[in-house]
Amino acid sequence: MTSTATPPQNRSRSTLAISAGILAALVILFFVFANFYTDILWYDQLGFLNVLTTRWIATGGMFLVGFLAMFLPVWLSLQLAYRTRPMYAKLSSQLDRYQEVVEPLRRVAMLGIPGVLGLFGGVAAASSWPVVLQWWNRTPFGIVDPEFGFDVGFFVWELPFWRGIIAFASAVVLLSLLAAAATGYLYGAIRVSGREVRISRTARIQLAVTGGIYVALQGVSIWFDQYAAAVEPSVGFLAAGAGFTEVNATIPGRAILAGIAIVVAILFFITAVIGRWRLPVIGTALLVISGLIIGSGYPALVQQFQVVPSERELEAQFIQRNIDFTRDAYGVADIVEVPYNARTEAEAGALREDAETTANIRIIDPALVSPAFAQLEQFRQYYQFPRFLDVGRYEIDGQTQDTVLAVRELNPDGQSAQNWVNQRIVFTHGYGVVAAFGNQRADDGQPVFLEQGIPVDGLLTEQLGEYEPRIYFGEFSPTYSIVGAPEGAEPQELDFPAEGEVGSDENIDASGNARYTFTGDGGPALDNVFKRLIYAITFQSTEILLSNQVNEESQILYDRDPLTRVQRAAPYLTLDNDPYPAIIDGRIKWIVDGYTTTANYPYSTSVALSAAIADSFTPAPQFPIDNINYIRNSVKATVDAYDGSVTLYAWDTEDPVLQTWQSIFPNTLRSADEMSEALLSQVRYPSDLFKVQRSILGRYHVTEPGSFFATDDEWRTPNDPVSNPNAPTLQPPYYLTMQVPGSDEPSFTLYSTFIPAATGENQRNVLFGYLAANADAGDDYGKLTLLRLPRQTTIPGPGQVQAQFDSDANVGQQLNLLRQGQTEVISGNLLTLPVGGGLLYVQPVYVQSTGDTSFPLLRRVLVSFGEEIAFEDTLDQALDVLFGGDSGAAAGDGDVEPVDPLPTDPAEPTDPAEPTDPSTPAPPIDPNALQQALVDARDALLEREAAYRANDLVAAAQADARLQEALERAIALSND
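All values derive from a computational prediction rather than experimental measurement.

(A) The overall build of the chain, seen in detail. Within the chain, the regular secondary structure consists of 28 helices and 34 strands. Going through the 976 residues of the chain one by one, you find that 51% of them count as buried. Excluding contacts between residues fewer than 6 apart, the proportion of contacts in the chain whose partners are at least 24 apart in sequence is 70%. A total accessible area of about 44200 Å² is found for the chain, and carbon and sulfur atoms account for 55% of it.

(B) Highlighting the packing of aromatic side chains. Inspection of the entire model under this criterion finds 57 aromatic pairs. Ring centres of Phe141 and Trp157 lie 6.1 Å apart, and the angle between their planes is 40 degrees; this geometry places the pair in the tilted category. In this pair, Phe141 is assigned in the loop between helix H5 (129–136) and helix H6 (152–186) and Trp157 in helix H6, connecting sequence segments 16 residues apart. For the pair Phe141 and Trp157, a shared accessibility class is recorded, and that class is buried. Ring centres of Tyr601 and Tyr630 lie 5.3 Å apart, and the angle between their planes is 20 degrees; on these two criteria the pair is classed as stacked. In this pair, Tyr601 sits in the loop between strand E19 (587–598) and strand E20 (607–608) while Tyr630 sits in strand E22 (residues 630–640), placing the two residues 29 residues apart along the sequence. Above the plane of the ring of Trp42 lies Arg568, whose end atom (NZ or CZ) is 4.2 Å from the centre. Geometry around Phe768 places Arg791 over its ring, the cationic atom sitting 4.0 Å from the centre.

(C) Focus on the packing of helix H2 (residues 49–83) against H5. Packing of H2 against H5 brings their axes to within 9 Å, and their N-to-C directions diverge by 105 degrees. The angle between H2 and H5 places the two elements in the roughly perpendicular class. Every residue of H5 that contacts H2 at Thr54, Arg55, Ala58, Thr59 and Met62 is listed here: Trp129, Val132 and Leu133. Among the residues making up the contact of H2 with H5, the classes are represented as five nonpolar, two polar and one charged.

(D) A look at a nonpolar patch on the surface. A cluster of nonpolar side chains, Val209, Ile213, Val220, Ile262, Ile266, Phe269, Ile270, Val273, Ile274 and Leu279, forms an exposed patch at the surface whose accessible area comes to about 790 Å². Here the nonpolar patch takes six residues from helix H8 (residues 244–274), the largest share from any one element. Summarising the element assignment, Phe269 is placed in helix H8.

(E) Examining the nonpolar core more closely. Residues Ile482, Ile544, Leu648 and Tyr685 are the most contacted members of the largest nonpolar core, which totals 150 residues. At eight residues, the largest contribution of residues to this core is made by H6.

(F) Structural view of the packing of helix H11 (residues 316–329) against helix H22 (residues 687–700). Viewed as axis vectors pointing N to C, H11 and H22 meet at an angle of 160 degrees, and their least axial separation amounts to 11 Å. Comparing the axis directions of H11 and H22 gives the class roughly antiparallel. In the crossing of H11 with H22, the sense of the turn from one axis to the other is left-handed. Residues Asn322, Ile323, Thr326 and Arg327 of H11 form the contact with H22, whose participating residues are Ile696, Leu697 and Tyr700. For the contact of H11 with H22, the class distribution of residues is four nonpolar, two polar and one charged.

(G) View of the pattern of salt bridges. A complete count under the given rule lists 23 salt bridges for this structure. A salt bridge links Arg352 to Asp886, with the nearest nitrogen and oxygen atoms 4.0 Å apart. In this pair, Arg352 is assigned in the loop between strand E3 (336–339) and helix H12 (355–359) and Asp886 in the loop between helix H26 (875–882) and helix H27 (927–949), connecting sequence segments 534 residues apart. Among the ionic pairs, Lys636 bridges to Asp593, the shortest N-O distance being 2.4 Å. Residue Lys636 is found in strand E22, and its partner Asp593 is found in strand E19; the two are separated by 43 residues along the sequence. Like Asp593, Lys636 is buried. Taken together, the salt bridges that share partners define one network made up of Glu337, Asp713, Arg788 and Arg791.

(H) The arrangement of the pairing of strand E34 (residues 868–872) in detail. Of the pairings in the sheet, the one linking strand E33 (residues 857–865) to E34 comprises five bridges and is antiparallel in character. Considered in E34, the bridge of Phe865 is made with Glu868.

(I) Layout of helix H25 (residues 809–818). The buried fraction of H25 amounts to seven of the ten residues, a majority that puts the element mostly inside the structure. Every buried residue of H25 is accounted for by Asn810, Val811, Gly812, Gln814, Leu815, Leu817 and Leu818. Between a side-chain oxygen at the N-terminus of H25 and the backbone nitrogen of Asn810 the separation is 3.1 Å; the capping residue is Asp808.

(J) Representation of helix H18 (residues 562–569) in the model. Buried within H18 we find Pro562, Arg565, Val566, Arg568 and Ala569. All buried residues of H18 fall inside an arc of 165 degrees around its axis, so they share one side.

(K) Region of interest: the sheet that holds strand E9 (residues 433–441). Taken together, five strands build an open sheet; the order of strands is E5-E6-E9-E10-E11 and the sheet is antiparallel. The open sheet has two free edges, formed respectively by strand E5 (390–396) and strand E11 (457–458), since each of these has just one partner strand. Strand direction decides the pairing type here: E9 and strand E10 (residues 447–452), joined by three bridges, are antiparallel. For Arg441, the partnering residue across the bridge sits in E10 and is Pro447. Taken strand by strand, helix H13 (residues 370–377) contacts strand E6 (399–407), E9 and E10, and its axis lies near 60 degrees from that of E10.

(L) The arrangement of unusual backbone geometry in detail. The amide bond that connects Ile454 to the next residue, Pro455, takes the cis arrangement and shows omega of -10 degrees. Topologically, Pro455 is positioned in the loop between E10 and E11. In the Ramachandran plot, Asp397 falls in the positive-phi region, its phi being about 55 degrees despite a non-glycine side chain. Here Asp397 is to be found in the loop between E5 and E6. The exposed category is assigned to Asp397, whose relative accessible area is 61%.

(M) How the structure looks around the environment of Thr574. As for its position among the elements, Thr574 is in strand E17 (residues 574–575). Here Thr574 falls in the partly exposed class, since its relative accessible area comes to 25%. Put simply, Thr574 and Arg632 are 58 residues apart on the chain and 9.9 Å apart in space, counted from C-alpha to C-alpha. Excluding its chain neighbours within four sequence positions, the residues that come into contact with Thr574 are Asp593, Gly594, Tyr595, Thr597 and Leu609.

(N) Region of the structure containing a negative patch on the surface. On the surface, a cluster of negative charge is contributed by Glu356, Asp744, Glu745, Asp779 and Asp780. Relative to the assigned elements, Asp780 resides in the loop between strand E28 (769–774) and strand E29 (784–788).

(O) Representation of the side chain of Arg408 within the structure. Considering the arrangement of structural elements, one finds Arg408 in the loop between E6 and strand E7 (409–410). At 2.7 Å, the side chain of Arg408 and the backbone oxygen of Glu377 are in polar contact. Reaching out from Arg408, the side chain makes a polar contact with the backbone oxygen of Tyr431 at a distance of 2.6 Å.

(P) Molecular detail of the environment of Asp151. With respect to the helices and strands, Asp151 occurs in the loop between H5 and H6. Spatially, the C-alpha atoms of Asp151 and Phe141 are 6.5 Å apart, while their sequence positions differ by ten residues. Setting aside residues up to four positions removed in sequence, Asp151 forms contacts with Pro140, Phe141, Gly142 and Ile143. From its side chain, Asp151 meets the backbone nitrogen of Phe141 in a polar contact 2.9 Å long.

(Q) View of the confidence of the model for the chain. This prediction gives the chain a mean pLDDT of 88; 89% of its residues lie at or above 70. pLDDT under 50 marks residues 900–922. Its contacts with residues more than four places away, or in other chains, come to 28 contacts.

(R) Fine view of the pairing of E9. Most of E9 is tucked away, with eight of its nine residues classed as buried. Two elements, E6 and E9, share five bridges in a ladder whose sense is antiparallel. Bridge pairing in E9 links Val407 to Val433. In this antiparallel pair of consecutive strands, E9 and E10, the connection spans five residues, and Gly445 shows a positive phi of 95 degrees.

The rules behind the values
Residues numbered from 1 in each chain as written. Predicted model: local features only at pLDDT ≥ 70, side-chain atom pairs only at ≥ 80, totals over all residues. Heavy atoms only, no water. Helix = DSSP H or I, 4+ residues; strand = E, 2+ residues; numbered from the N terminus. Buried < 20%, exposed > 50% of the residue type's maximum accessible area, 1.4 Å probe, protein only. Contact = heavy atoms within 4.5 Å. Areas by Shrake-Rupley, 256 points an atom, 1.4 Å probe, with all protein chains shown as cover. Phe/Tyr/Trp six-rings, centres within 6.5 Å; stacked < 30°, edge-to-face > 60°. Lys NZ or Arg CZ within 6 Å of the ring centre and 35° of its normal. Axes fitted to C-alpha atoms, helices over the stretch in contact; angles between N-to-C directions. Parallel < 35°, antiparallel > 145°, perpendicular 65-115°, else oblique. Nonpolar A, V, L, I, M, F, W, Y, C, P; charged D, E, K, R; others polar. Patch = residues over 30% accessible without salt bridge, like charges linked within 9 Å, V, L, I, M, F, W, Y side chains within 5 Å. Salt bridge = Lys/Arg side-chain N within 4 Å of Asp/Glu carboxyl O. Core = buried A, V, L, I, M, F, W, Y, C linked by side-chain atoms within 4.5 Å. Left-handed = near helix turned anticlockwise from the far one by under 90°. Pairing = 2+ DSSP bridges. Polar contact = N/O pair within 3.5 Å; in protein donor to acceptor, adjacent residues only side chain to side chain. Arc of directions from axis to C-beta. Lys, Arg positive; Asp, Glu negative; His and termini not counted. Charge placed at Lys NZ, Arg CZ, Asp CG, Glu CD. pLDDT = per-residue confidence, 0-100.

Set out below in structure tokens:
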């Protein structure tokens, strides 16, 4: 008789599986550790390690608190329910089967269920670390709430904290209650037989006490909800804050409901003693019914039958609260309003008192000249300029000069050989600042540069001295670069394309390119194999570990965008979307504006931040979720373009939100008193804050409750007249140096305009308001001035002026001539200036060929004042024509001798002193001369296109001059 032996268990396979699992866990843990360790290295090198450790300690501490606060009550509830179960309870066959399944896993479940819930609780608590730290370090605002008599800080700091605590505690108690009920049912403490429910004494006590605690927490929550009425939208007219219905129905009703909830909780505790469930059940039903009647029904009746018939009168004091608190929250309470009785008739000499403003009118559009910068100053395909350039100002020979500028950044995609060495070792940085006069143009329409070239040279260098031109940290820097080498090692980084002889300098290679080695402290050091390993893991690049070009002196530069660096150094800030470069104390530095915000400021209307700042320069979000109702420009930050060092300056030291964060992250902010004069000269009022303020002022410029309720004077920002008419966007605010009416002297200013807020056929594109902010550091920094325009005089708005430009016969004729051949006419930004006692509109007109290497050239300037229009080669000429032959002031382009003169109106005599006699018959047109002029124009056009294709800008300009001269002859002959 034979038998088959059972094969032995394959222990080696089990051992291998366990080993593989341990190894996989170790690999995962090492990857997690690598991420943490690189963060430590990055923050430590930047000098903000305390920011990281504070966040980690706060997050870890809150996770532990949340885990224990969830784990312990649920675990205790399960243990009590199990240990006090009936020992000899008669169970149904179905429950017996459940117990058979559950019992082998009971011990695991008793710990596993609370553990899993604890993890969720820990994660939820960890994410609330800012709320807890702000509450712990809270700073009073010094402003008293008019309804409850609390400091505003109660609503900003304390209310969110306590409501969060109550919500978390309610979740813990509810889960504990469900855990106890489920355990009691499973082990027979709760039995259901038909309509009869039997509960054991111990289960009754546990459930009743737990239920009483839960109801009591709901009572406390309802009590705090009455304070939330000051922050939430009203059921009536108000966009935010307690209105008449809230004050007289909702808030008292919530106080009553809180009291009822406490009574019901007491009934639950009584049930735990006497064992009768009827009282808490009746009490709970009463609470629900009371919530419907007192919490919802009664306020609805008050709103409908008391408030609506007399809403204007009853809501007046609450509207005033909303107006006052909203204006304070957005920093517009101290706005200076100036009646501006704008004239609409252009008179000779009208600009004489605005000579400084006129001389600084910017005719170079920063949104259009990036291609010109690229063609004239890019030099190599591995450089690039941003799409929208920045507007700044520098003092040149004692005069403030508005400039359009950008830094020549590295283009990671512009390298011909895409390999790791080129991308990470060779091409590491951009080079130099390129700046153009904002108010000048060259004869051929190109920008006039005051800083240009490689190596950099120009007026800025002369005025400010030599500066470090290399751009290692910018908006387009590579993901990471590895720089640095031992002293004496051959430089590996491409510095710039050199102009000297090959080999004339030890740092110029055989290709004629200058080489360089980074000498700053810009990133974590790769001075050992372990660091190289963790960064190889972080960036998934084995070359970091294996390349012999990585040495003990190497540094790895990453997170190089200025916004990213400031955000990581100051995670509590909301950053302006437009960091801008400036030459400061021998360095190129990015200046970043940081905002402190909250959504809990009482009685203040909320706005979606990303939607409020959307315009032609900033895209609108599809789903804005960043609502705020308080904002301050509390921090000015700089990022060194060479070594990436971040410096934070406390700009608005009176801001309670900033004071609170300073307590949380001490020693991270410097005093604004430490800012150098060079830095202060480049500080400006931030555009995103200004956009939010103009959005608010569209409605809240009205301070009288009756008019505010009637909405009879609402304004809005006009659409950008040069945006796509099928998808219009708001006109962005513009920086200009000008003297705003009501101010004593010119200043660098950010401005925007307002038109009536109407839609459909009632829409009118006429100006009602003009908002300007002083952008210069000093006593008047941030001073908001609102010019109120007269209602009895129609002042055309930007859209109406653009329509006038487009429909004017003379302008249209000349634009059509500019469009001859393969050229495109591009309208620049339409600027609005309060000068000459009225409003002057200025718009540069660019012409661009369709060639691949072409770029927009400034050819003409359109101006408007009232109903008058002028269209000339230069702004200076246009202003003189517009204002009766002499504007009284000179524009910055007065010395330009354009190569393409076109008469403003060919029908007018060229010599005003010798008018023609209308009765004199016009001489006959010479067809041969006209035909020859057209032939010359065609030949010149072909020559210009050929020159553009050959990238010969000089020949293109010469051909363009011949084209314009031929067109001038043709116009003159056709109008003779």
